[in-house]
Amino acid sequence: MIDTLTINTTLTSHSRLAEIDFDHLQFGKIFSDHMFMADYEGGEWKNFQILPYGPIPMSPAISALHYGQAIFEGMKAYRLHDGNISVFRADKNFERFNISAARMAMPTIPEEIFMQGIAALIQTDAAWIPTGENTSLYLRPVMFATDTSLGVRASDTYKFVVLATPAGPYYNKALKVKIETHFTRANQGGVGYAKTAGNYARSLHPFSEAQKEGFDQLIWTDAQTHQYVEESGAANLMFVIDGKIVTAATGDTILNGVTRRTIIELAEKNGIVVEERKVSIAEIIAGIQSGALTEAFAVGTAATVTQIGEIGYEQKLYTLNPVENRTISIKLASQLNEIRYGLVPDEFGWNWIL
Ligand code: PLP
Ligand code: COI
C-alpha cells in the first residue's frame, strides 16, 4: 500500500508554453513551467512541492559541487494514441535510482515520493507533452548533496528535484563512433553501474577529443585490457552477428539500461537469440570484414534506438551494412515505438498510465 503524498503546489503566474517551438525541439534545452522538489533532512524526506521551474538558492559550499554526490535518472512520458498519458517503465528507473543512491552513500527514496512526485509534475505540465512523431516529455529526476561543509564525508542533507523537458530524438542520423582504447569510463569496483554525475564528467574530455576527429560518440572498452566493448556515452550497445543480438553483459562497469532490457525482452518474444556476454573488439572488426556483423545500434531512453553507421578503431574507419538493410533493429525499434505510443496493446505492462 503506497501512501498518498501531500504536495504543496505553487503554480507559475506566467506560463512559457506559448513561446515554445514544438516543431524544432532540441534535447534538454527548455524546461516545462514547473518542477517537483523534496528535501532530505534529519533522516527523512519532507517539503514535497510543485513550484515554478527556476533557480534554487544554494551555497557554493554544497558538497555535491565539491565531492560529486549527485545521481540522476532519465525516463519519458508519452501522449498515447487514445489521449492518455503514460510513463514508460518508470518502476525500473525508480529501482536504478536507489541502486545509484546506495553506491554513492546517499539516502534511498521511497517509491511513493519518486512516483507521485513525477506524476504530479506531469499532470501539472501535461500540456507540455509534445505530440509530434518521436516526441515525448523527458523527465529528469536528480538528487544531490546539500551539506555546506568541506569535510570529505557523506552529506546529511539532499535535494530531490524532477525536471521535465519536451524532447525530440537525441540523435537524428546514423552515428560515426570511435572505439576508445586509451581513456576509460569505468573500472571494476567503481561506479560505472550507477547513474552518477562523475561518470559523465570523466567522459567529456575523451568525448571532445573524439569529436575533434569527426566522431559523434565513443564506444568505451574495459579498463584492464581495452579489448572488450562495454557501452556508449549515453546508451548501451547492441550488435547483430550471425543473426543473433550480441550485447555486453552488465556488471560493475556498465549502466543496466532500461531500453537494453526492453529490447532484449522484445527480441526474445520475436524468437531472436540474444547473447549477453563479453564482446571483443576483435569479434566486431572480424564480423564487419566477413559480413557476419549486419547491424550495430545504441539503445537508451534519450537515444531510443540509434543506428551506428561507421566505427573507428586504431586509425581505421569501418563502414557498416547500410541502415535500410537492418531488419532486426528496425523491427524491434518499431515494435517498441508502437507500445510506447499506445498503438498496440501493452502486453508486457510497460506503460504506467497516469
Ligand atoms: N548507458 C549510459 C551511460 C546512459 O547514460 C544511458 C542512458 O540512460 C544508458 C546506458 C541507457 O539506459 P536507459 O535505457 O535506461 O536510458
Ligand atoms: C538517458 O537516456 O536518459 C540519459 O540519461 C542519457 C543522457 C545522459 C542524455
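Up top is the structure.
In this text the structure is predicted, and so the values were computed from the model without any measurement.

Definitions and cut-offs
- Residues numbered from 1 in each chain as written.
- Chains lettered and ligands numbered in written order.
- Predicted model: local features only at pLDDT ≥ 70, side-chain atom pairs only at ≥ 80, totals over all residues.
- Heavy atoms only, no water.
- Patch = residues over 30% accessible without salt bridge, like charges linked within 9 Å, V, L, I, M, F, W, Y side chains within 5 Å.
- Areas by Shrake-Rupley, 256 points an atom, 1.4 Å probe, with all protein chains shown as cover.
- Salt bridge = Lys/Arg side-chain N within 4 Å of Asp/Glu carboxyl O.
- Helix = DSSP H or I, 4+ residues; strand = E, 2+ residues; numbered from the N terminus.
- Buried < 20%, exposed > 50% of the residue type's maximum accessible area, 1.4 Å probe, protein only.
- Core = buried A, V, L, I, M, F, W, Y, C linked by side-chain atoms within 4.5 Å.
- Contact = heavy atoms within 4.5 Å.
- Phe/Tyr/Trp six-rings, centres within 6.5 Å; stacked < 30°, edge-to-face > 60°.
- Lys NZ or Arg CZ within 6 Å of the ring centre and 35° of its normal.

Looking now at a nonpolar patch on the surface. A contiguous nonpolar patch, built from Tyr67, Leu150 and Val152 and spanning about 330 Å² of accessible area, is present on the exposed surface. Its place among the elements puts Tyr67 in helix α1 (residues 63-67). Since its relative accessible area comes to 39%, Tyr67 is described here as partly exposed.

If you look at soluble globular proteins, the nonpolar side chains tend to sit buried side by side. Grouped together as the largest cluster of nonpolar side chains are 49 residues, with contacts concentrated most on Phe36, Trp45, Phe114, Leu139, Met143 and Phe160. With 7 residues, the single largest contributor to this core is helix α3 (residues 111-124). Aside from chain neighbours lying at most four places away, what touches Phe160 is Phe36, Met37, Ala38, Trp45, Phe97, Ile109, Ile113, Phe114, Pro141, Val142 and Met143. The next biggest cluster of nonpolar side chains, apart from the first, holds 25 residues, and it includes Val177, Ile284, Ile285 and Tyr313.

The subject of this paragraph is the packing of aromatic side chains. Here the structure, examined in full by the defined rule, presents 17 aromatic pairs. Ring centres of Phe31 and Tyr53 lie 5.1 Å apart, and the angle between their planes is 25°; on these two criteria the pair is classed as stacked. Placement of the pair is Phe31 in the loop between β1 (8-9) and β2 (34-41) and Tyr53 in the loop between β3 (44-52) and α1, with a sequence separation of 22 residues. A residue is classified by how much of its surface remains accessible, and Phe31, at 19% relative accessible area, is buried. For Tyr53, a relative accessible area of 33% translates into the label partly exposed. Aromatic side chains Tyr170 and Tyr171 sit 4.8 Å apart centroid to centroid with 85° between the ring planes, which places their arrangement in the edge-to-face category. Residue Tyr171 is classed as buried on the basis of its relative accessible area, which comes to 17%. Ring pairing ties together the aromatic residues Phe36, Tyr40, Trp45, Phe94, Phe97, Phe114, Tyr158 and Phe160, which thus form one cluster. Over the ring of Phe215 we find Lys176; its NZ or CZ atom is 5.3 Å from the centre of that ring. A cation over a ring is seen here: Lys278 above Tyr228, with NZ or CZ 4.3 Å from the ring centre.

Once that is clear, we can look at unusual backbone geometry. The backbone phi angle of His226 is positive, close to 55°, even though this residue is not glycine. If you trace the backbone, His226 turns up in the loop between β10 (217-221) and β11 (229-232). Residue His226 is classed as buried on the basis of its relative accessible area of 14%. The backbone phi angle of Thr304 is positive, close to 50°, even though this residue is not glycine. Tracing the backbone shows Thr304 in strand β16 (residues 304-313). When its relative accessible area of 26% is taken as the criterion, Thr304 is described as partly exposed.

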